[in-house]
Amino acid sequence: LDDTCGIFTGSVSTVSRETYDTAKINLAAPGTRVETTYFDCSDNEAQTMYVRIATTGVVSFNTTGNVAGLPVAITLDDGDLNVDPAAAETATVVVTKASGGDEEVVTLGETGVGSGVFTGLLDTSALAGASSDGVLNGVRRGETVLVRYHDAQPAVNVTDRIELATEAGAVL
């Protein structure tokens, strides 16, 4: 209790499995909505608040399609983004070349209502082109491509990288 501002703070432990520990919230998976109720003495009313258990998102490339000149597949798994369990939502990531130059913002779609898993494709090209045109331009065999996702809950940047092993149309 902070007597100067009337703000109360506290914490509770959570576990994602069933336990017999009454000091923890059981089966608290990422995205679980937790109800908190307290009694406000100023108006003699019970007050209820809701919070969601946060997770750190994981972003990755589908490594089976690492060919310069073909689309790269991106997957983001973040249960916190499932704000409306009745609707398929979207999320954004940023894809760049490690060597600099082009940067593309990619909108990913939720794979199913309430899944918290988002996927999308980004076209790549060996040709030069404008940044933010929906195509990662100037990529060649051996190029390292980065994907970055800013997770708001908890506030952290998560990344992945892929090296493009070959070029479309190349005979090895």
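What comes next concerns the included structure.

What counts, and where the lines are drawn
Residues numbered from 1 in each chain as written. Predicted model: local features only at pLDDT ≥ 70, side-chain atom pairs only at ≥ 80, totals over all residues. Heavy atoms only, no water. Core = buried A, V, L, I, M, F, W, Y, C linked by side-chain atoms within 4.5 Å. Buried < 20%, exposed > 50% of the residue type's maximum accessible area, 1.4 Å probe, protein only. Helix = DSSP H or I, 4+ residues; strand = E, 2+ residues; numbered from the N terminus. Contact = heavy atoms within 4.5 Å. Lys, Arg positive; Asp, Glu negative; His and termini not counted. Salt bridge = Lys/Arg side-chain N within 4 Å of Asp/Glu carboxyl O. Polar contact = N/O pair within 3.5 Å; in protein donor to acceptor, adjacent residues only side chain to side chain.

Val59, Phe61, Ile74, Val93, Val95 and Val145 are the most contacted members of the largest nonpolar core, which has 21 residues in total. When contributions to this core are tallied by element, the ones reaching two or more residues are strand 5 (58-61), strand 7 (72-77), strand 8 (90-97), strand 9 (103-110), strand 10 (117-125), strand 12 (144-151) and strand 13 (156-163). Residues in contact with Phe61, not counting those within four places in the same chain, are Val72, Ala73, Ile74, Val95, Val145, Leu146, Val147, Asp160, Arg161 and Ile162.

Attention shifts here to the side chain of Asp102. Along the chain, the position of Asp102 falls in the loop between strand 8 and strand 9. Here Asp102 occupies a buried position and makes no salt bridge, while the nearest side chain of opposite charge, Lys97, is found at 6.7 Å. Engagement of the side chain of Asp102 in a polar contact is seen with the side chain of Ser131, the distance being 3.3 Å. Beyond its immediate stretch of four places on either side in the chain, Asp102 contacts Val95, Thr96, Lys97, Ala130, Ser131, Ser132, Asp133, Val135, Leu136 and Asn137.

Right, let's get into unusual backbone geometry. Not every positive phi belongs to a glycine, and Ser132 is a case in point at roughly 65 degrees. By the element assignment, Ser132 lies in the loop between strand 10 and strand 11 (135-137). Relative accessible area serves as the criterion here: at 59%, Ser132 is assigned to the exposed category.

Further remarks concern the environment of Val117. Inspection of the secondary structure assignment puts Val117 in strand 10. Judged by relative accessible area, which is 21%, Val117 ranks as partly exposed. Separated by 28 residues in sequence, Val117 and Glu89 place their C-alpha atoms 9.6 Å apart. When near neighbours in sequence (up to four residues on either side) are disregarded, Val117 contacts Thr75, Leu76, Asp77, Gly109, Glu110 and Thr111.

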